[in-house]
Amino acid sequence: MSVSIKTPEEIEKMRIAGRLGSEVLDFITPFVKPGITTAELDKRCHDYMVDVQGCIPAPLNYCPPGYKPYPKSICTSINHQVCHGIPSDKALKKGDIVNLDITVIKDGYHGDTSRMFIVGDAGILAKRLCNITYECLWLGIAQVKPGAHLGDIGHAIQVHAEKNGFSIVREFCGHGIGANFHEDPQVLHYGKPGTGLELKPGMIFTIEPMINAGKAAISELPDGWTIVTRDRSLSAQWEHMVLVTETGVEVLTLSAGSPPRPDIVANLQP
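The sections below set out a description of the structure shown in this document. On a predicted model such as this, the values are computed, not experimentally measured, just so you know.

1. Points about the overall build of the protein chain
Along the backbone of the protein chain there are 4 helices and 15 strands. Taking 18 Å as the expected radius of gyration for a compact globule of 270 residues, we find that the protein chain reaches 17 Å, a close match to that expectation. Based on the C-alpha atoms only, the size of the protein chain along its principal axes is roughly 45 × 45 × 40 Å. Each of the 270 residues in the protein chain was classed as buried or not, and the buried ones make up 55%.

And the structure:
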């Protein structure tokens, strides 16, 4: 595993890219309503990234080994879709939950973040899943500091999810990020304290737990990208990009419209 330590100049570029990624989510929030299609959300985000921010949408035509090029500029994962849902002409309806996953490239560096949205209103289970998953994200973030280990992050997320009756998707994880979309390390959302890579100042990676209301098992749709829960249970995901600082953690994907950090970690440093 070759984990890069970012230079001060790279960190500043990542701060900018991270904020811009979050601002795309701020921009699109008012449009996430019953009746809109995910294809329209994709187009609005694409135009905002390109025409307003001067960014490149990282997912568009992204083609890792074994995949065909991703055809859209954002990922839209609805209800039982876990991740990598492809925007389409199907309209959102009241009661849906949807994850919008945004990655921009600005001046050669990536900003990667995602949020859950409740369309109109939703049932108790859907709201609870979204809330617990958000708490899991921040409990993971709260573990990040020099000398901590990746296993500390995964353990904090796993304990909170399972304590609340939910399951962790294990096939997908957070990742290092910088000039490349995906770098080492892999950031698992389960684990044991004190295990895995030791964190050092200058590391940047995503934490992005995928948590299911039912069982953890997943399947891939024939489109080659969309991942769904095998039992068709609801799934939720939130994502932030974080920097290990000399004293703790800096969340790079915050903006004016970011949801407030949950009470469970309200005193965590910025």
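2. Regarding the side chain of Ser255
Checked against the element boundaries, Ser255 lands in the segment after strand S15 (249-251). A polar contact is formed between the side chain of Ser255 and the side chain of Asp26, at a distance of 2.7 Å. The residues touching Ser255, leaving out its near neighbours within four places in the chain, are Arg19, Ser22, Glu23, Asp26 and Arg115.

3. Looking at the layout of surface pockets
A volume near 540 Å³ is recorded for the largest pocket. Taken together, 25 residues line the largest pocket, and the ones lying closest to its centre are His84, Phe172, Cys173, His175 and His182. Within the residue set of the lining of the largest pocket, elements represented by two or more residues are strand S4 (97-106), strand S7 (174-176) and strand S8 (183-187). Per-element accounting of the lining of the largest pocket gives the leading share, 3 residues, to S8.

4. As for the packing of aromatic side chains
Counted under the stated rule, the structure contains 7 aromatic pairs. Note on Tyr62 and Phe181: the rings are 4.9 Å apart at their centroids and 50 degrees apart in plane angle, and the pair reads as tilted. Of this pair, Tyr62 sits in the loop between strand S1 (56-57) and strand S2 (75-78) while Phe181 sits in the loop between S7 and S8, placing them 119 residues apart in sequence. When the centroid spacing of 5.2 Å and the interplanar angle of 85 degrees are considered together, the rings of Tyr70 and Trp225 count as edge-to-face. Here Tyr70 is found in the loop between S1 and S2, whereas its partner Trp225 is found in the loop between strand S11 (218-220) and strand S12 (227-229), with 155 residues between them in sequence. With respect to class, Tyr70 is no different from Trp225; both count as buried. Ring pairs connect the aromatic residues Phe27, Phe31 and Tyr48, which therefore count as one cluster. The aromatic ring of Tyr190 is capped on one face by Arg170, whose charged end is 4.1 Å from the ring centroid.

Basis of the calculations
- Residues numbered from 1 in each chain as written.
- Predicted model: local features only at pLDDT ≥ 70, side-chain atom pairs only at ≥ 80, totals over all residues.
- Heavy atoms only, no water.
- Helix = DSSP H or I, 4+ residues; strand = E, 2+ residues; numbered from the N terminus.
- Rg over C-alpha atoms; globule rule 2.2 N^0.38 Å.
- Buried < 20%, exposed > 50% of the residue type's maximum accessible area, 1.4 Å probe, protein only.
- Polar contact = N/O pair within 3.5 Å; in protein donor to acceptor, adjacent residues only side chain to side chain.
- Contact = heavy atoms within 4.5 Å.
- 1 Å grid on protein atoms, 1.4 Å probe; cavity = no way out; pocket = protein on both sides within 12 Å on 5 of 7 lines; lining within 4 Å.
- Points joined across faces, edges and corners; volume = space filled by probe spheres on them.
- Phe/Tyr/Trp six-rings, centres within 6.5 Å; stacked < 30°, edge-to-face > 60°.
- Lys NZ or Arg CZ within 6 Å of the ring centre and 35° of its normal.

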